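# Overview (structure and organization)
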Amino acid sequence: MAAESSTEVLQEILNVPGIKAIVVVGRDGFVIETAGSLGTMDLDTLGASVAMLLNGAESMGAEMQLSAFNTLTLEAANAMIMCTPVGDALLVILAPDSKTLGMIRLQIKKTIPRLASFF
Amino acid sequence: MTVQRDVVVKQLADVRPLGNEEGLIPQFGVLINNLPANFWNLATMRLLDAAQGERRKELEAALVDCAHQCGYNTGYGIVNSEEFQSVVMPMVTEGAKDVLRGAYAVFTAWGWAKSGIAQIKEGEKMVIRAVDYYEADEKPGYHMAYMIRGVSAAFFDIAYGGDYPNGLNTFDCEQTQGIEMGDKFGEFVVTKK
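Residues numbered from 1 in each chain as written. Chains lettered and ligands numbered in written order. Predicted model: local features only at pLDDT ≥ 70, side-chain atom pairs only at ≥ 80, totals over all residues. Heavy atoms only, no water.

Looking along the chain, the bond that leaves B:Tyr164 and enters B:Pro165 is cis, with omega of 5°. Residue position: B:Pro165 is located in the loop between α6 (146-160) and β5 (171-177). Although it is not a glycine, A:Gln65 sits at a positive phi angle of roughly 55°. In the Ramachandran plot, B:Asn169 falls in the positive-phi region, its phi being about 70° despite a non-glycine side chain. Looking at the secondary structure, you find B:Asn169 in the loop between α6 and β5. Judged by relative accessible area, B:Asn169 falls into the partly exposed class, the value being 30%. (Helix = DSSP H or I, 4+ residues; strand = E, 2+ residues; numbered from the N terminus. Buried < 20%, exposed > 50% of the residue type's maximum accessible area, 1.4 Å probe, protein only.)

The subject of this paragraph is the interface of chain A and chain B. In this complex, chain A contributes 19 residues to the contact, which on the side of chain B involves 19 residues. Its largest share of buried area at the contact with chain B, chain A owes to A:Arg27, A:Asp28 and A:Phe30, together 38% of the area lost on that side. Put simply, chain A and chain B have five salt bridges between them. As a salt-bridge pair, B:Arg101 and A:Asp88 come within 3.1 Å of each other at their nearest N and O atoms. (Contact = heavy atoms within 4.5 Å. Buried area = accessible area lost by both parts, 1.4 Å probe. Salt bridge = Lys/Arg side-chain N within 4 Å of Asp/Glu carboxyl O.)

Here the focus is the sheet that holds strand β5 (residues 89-95) of chain A. What links the strands of a sheet is backbone hydrogen bonding, and the strands pair in either a parallel or an antiparallel sense. Residues and elements named next belong to chain A. Across the sheet, five strands lie side by side as β2-β1-β5-β4-β3; this open sheet has antiparallel pairing. This sheet does not close on itself; its edge strands, each paired only once, are β2 (31-36) and β3 (72-76). Strand-to-strand, the axes of this sheet are offset by a mean angle of 15°, without reference to chain direction. Pairing analysis gives five bridges linking β3 to strand β4 (residues 79-86), with the strands arranged antiparallel. Within β4, the position partnered with Ala-76 by the bridge is Ala-79. In the packing of helix α1 (residues 6-14) onto the sheet, the strands contacted are β1 (21-26), β2 and β5, and the crossing angle to β2 comes to about 45°. Set on the sheet, helix α3 (residues 101-116) makes contact with β3, β4 and β5; between it and β4 the angle comes to about 25°. (Pairing = 2+ DSSP bridges. Axes fitted to C-alpha atoms, helices over the stretch in contact; angles between N-to-C directions.)

All names here are of chain B. Spatially, four strands are ordered β3-β4-β6-β5 in an open sheet, and the strand pairing comes out antiparallel. Looking at which strands have only one partner, the edges of the open sheet turn out to be β3 (113-121) and β5. Neighbour-to-neighbour, the strand axes of the sheet open up by a mean angle of 25°, direction not taken into account. Across six bridges, strand β4 (residues 125-133) lies against strand β6 (residues 186-192) in antiparallel orientation. Considered in β6, the bridge of Val-127 is made with Val-189. Set on the sheet, α6 makes contact with β3, β4, β5 and β6; between it and β5 the angle comes to about 140°.

Moving on to the packing of helix α3 (residues 53-79) of chain B against α6(B). All names here are of chain B. In contact at an axis separation of 7 Å, α3 and α6 are set at 45° when each is read in the N-to-C sense. When the interaxial angle is binned, α3 and α6 end up oblique. By crossing handedness, the relation of α3 to α6 is classed as right-handed. Taken together, the residues of α6 that come into contact with α3 (itself represented by Glu-60, Leu-63, Val-64, Ala-67, His-68, Gly-71, Tyr-72, Gly-75 and Tyr-76) are Tyr-146, Met-147, Arg-149, Gly-150, Val-151, Ala-153, Ala-154, Phe-155, Asp-157 and Ile-158. For the contact of α3 with α6, the residue count by class is twelve nonpolar, four polar and three charged. (Parallel < 35°, antiparallel > 145°, perpendicular 65-115°, else oblique. Left-handed = near helix turned anticlockwise from the far one by under 90°. Nonpolar A, V, L, I, M, F, W, Y, C, P; charged D, E, K, R; others polar.)

Below is the structure:
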């Protein structure tokens, strides 16, 4: 049996209703892989923004003497963005709203160990 | 904080090294040149098409080795250059791992390949992904990103292969996916020889 690829695992996550797109971003802001519909989004800018967000969250965590963060959720009027560390990278889930947040969290929890072997 | 590649790319993309009277560009302790990408692709494909069987394997190894040696010496010059020291090094907080992140940001900024690190196990393994590289302009029916293979092995040599110049050829790199073969991205895996 052929070993699974990161693309296949991302596609599996994408099957959760409500998820519009997934982006895997390195700690330096390099966009490692994407899945789903990202429209005309500038991926380089998105990657740089995610890296800045990660650095900010880590600085805040260090200042407040918190342990490494597990999830960062950003909710807006027309979007929900969830960031979760995966290996040495960050998994970014984009959804139009938070209606299926519970299912998304469950799927992420189940899939992270498999994804972590790629990043 | 770690190396932020957009900061590196934005600052270095505007650097325009000038050639000397012989048409060569003295930079990073070596001589570099500026030739059209399709020149290299055409030369590579003609060489490969002319070689069959065992000769072809030897030729592929030689093409990777050219990039490996070039990447090792040029890469060492780059990480010790004033540009790298002033732009990248202030953001380095994770040692060799961050230096490698910076090296791929430079690699991207100067148009060799839009590439970065997908996975790194320090001193053991590194996976590189590239979403835009000049070899991907062709559809030869085989993987042909020999430059990224050689340079990626060279960068890992510099980071973990021992003191320069003795670390050359500590690591090797294989191409596992390629845009030139219809994949979404190019993927390169560096491991110990």
